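Structure at a glance
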Amino acid sequence: MKKVLVLIIAIVLISAGFFAYKKFFSKPGIKILETAKVEKGSIRGVLVATGITKSQVGAVVKIGARTTGTIVKMNVKIGDRVRSGQLIALIDDREIQKTIEQHKAALSSAQHTLSQIELTYPERIREANANYEYARINYEREKELLKHEFTTKDTVDKAKSQFEASEANLKRLQDEYKTQIKIAKANVEDQTAQLRQQETRLTYTKIYAPIDGIVSDVTAQEGETIVAGLQVANLVTVLDPTRLEMWIYIDETDIGRVKLNHFVEYYVDTFPNKLFKGKIEKIYPQPVVKDNIVYYLAIVKVAGDDAVYLKPEMTAHVKIIFDEKTGILTAPNAAIKFEKGKQIAYKVIGRDIVQKTELKIGIRGEEKTEIVSGAKEGDELATKLILPVSAKEGQKEKENKK
């Protein structure tokens, strides 16, 4: 029994001694967990950003009213699909119709006056011209007769007076005709313009859809009175859901790498498995500041087929492909480490034996990084490993924890 007890105590002491040695005297070693090889492949340079779907300019139209009156008919409600030219609402037009009738009557009167002037004045002018010719001939004849003393000077003076009076009357009628015809025509033009104005106002009482789309808002109903000029009388908003664009917010540190026509991939949370594609068509120069961070907007037009799935103000997860290379040396991103301002990797040269290697890298993709120098094809790099902590680093770690 004593021998068994002594044996147990000896085993315990040996085990304790072994663990104490491991903890206090043995040097910790490197443990390699995962590796990957340097190999040729392709890489896409990708910027990750956030986007928001927006309606294009002209895709959302607020339809207002330019006349005052009561809405007698509202033909749409929110969610209705409308076509361009479809009658949406009708405003009471009785007052305008009465005004149009008055202007039509005034125009008819002005046209009648013009017709009378054009009919009567030429006849009066012809009659006055005939009197003038008669008076002129008579005056000439009397002057010839006076030369031969066949008439008296008093008769000549009387003929001269009649001639001058007929001449003045002819000129007066001609001038009066020009004036009256000008006044009458101006009156006809004025009445015509006023009638056209009222007919234009009449068109304001009929509200038509300017584009194809869906009614997204209705702010007035039948029986309500709108007063144009005193308020913005927006009645209906029509949205074309097929005309969308993506606003991508690009950080100021990345905007230098983004160019027009760069391809873009994105998805929205409601369709996480559907990938949408496009290309950058515009980059706005005006910055947008959000949470003290400066962004620039890149605009991507949403294809019509994609717009079926998307709606305005949806948030999108965007990848901008700013570069793409094929047939280059690559290594997984996890194999590239950053130490003391340098890009390095741990090259596996034996079982749990590594060699630190400084790298020069190119573009960094979503999963792989381009290796420009520092490693060759076939090299095995550690992607996950446990490195020993030196006594000095361990002491510093303890001090930092305090």
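**Things to note about the side chain of E245**
The topology assignment puts E245 in strand β11 (residues 244–251). Buried and without a salt bridge, E245 has K282 as its closest oppositely charged side chain, separated by 5.9 Å. Of note is the side chain of E245, whose polar atom sits 3.0 Å from the side chain of W247. Leaving out residues up to four positions away in the same chain, E245 has contacts with I52, T53, K54, S55, Q56, I299, V300, K301 and V302.

**Re the nonpolar core**
What tends to happen in soluble globular proteins is that the nonpolar side chains get buried as a cluster. Within the largest apolar cluster, 23 residues are counted, with the highest numbers of intra-cluster contacts made by I248, V264, Y266, L310 and I320. Listed by contribution, the elements that provide at least two residues to this core are β2 (39–55), β11, β12 (263–268), β13 (271–283), β15 (293–301) and β16 (315–332).

**Digging into the confidence of the model for the protein**
Scored by pLDDT, the protein comes out at a mean of 86, with 88% of its residues at no less than 70. Across residues 391–402, confidence stays below pLDDT 50; counting only partners more than four residues off in sequence or on other chains, it has three contacts.

**Some details on the environment of S166**
Structurally, the position occupied by S166 is in helix α3 (residues 153–203). Along the sequence, S166 and N131 sit 35 residues apart, while their C-alpha atoms lie 6.2 Å from each other. Excluding residues within four positions of it along the chain, S166 makes contact with A128, N131, Y132 and A135. A distance of 2.8 Å separates a polar side-chain atom of S166 from the backbone oxygen of F163.

Reading the values: rules and limits
Residues numbered from 1 in each chain as written. Predicted model: local features only at pLDDT ≥ 70, side-chain atom pairs only at ≥ 80, totals over all residues. Heavy atoms only, no water. Helix = DSSP H or I, 4+ residues; strand = E, 2+ residues; numbered from the N terminus. Buried < 20%, exposed > 50% of the residue type's maximum accessible area, 1.4 Å probe, protein only. Lys, Arg positive; Asp, Glu negative; His and termini not counted. Salt bridge = Lys/Arg side-chain N within 4 Å of Asp/Glu carboxyl O. Polar contact = N/O pair within 3.5 Å; in protein donor to acceptor, adjacent residues only side chain to side chain. Contact = heavy atoms within 4.5 Å. Core = buried A, V, L, I, M, F, W, Y, C linked by side-chain atoms within 4.5 Å. pLDDT = per-residue confidence, 0-100.

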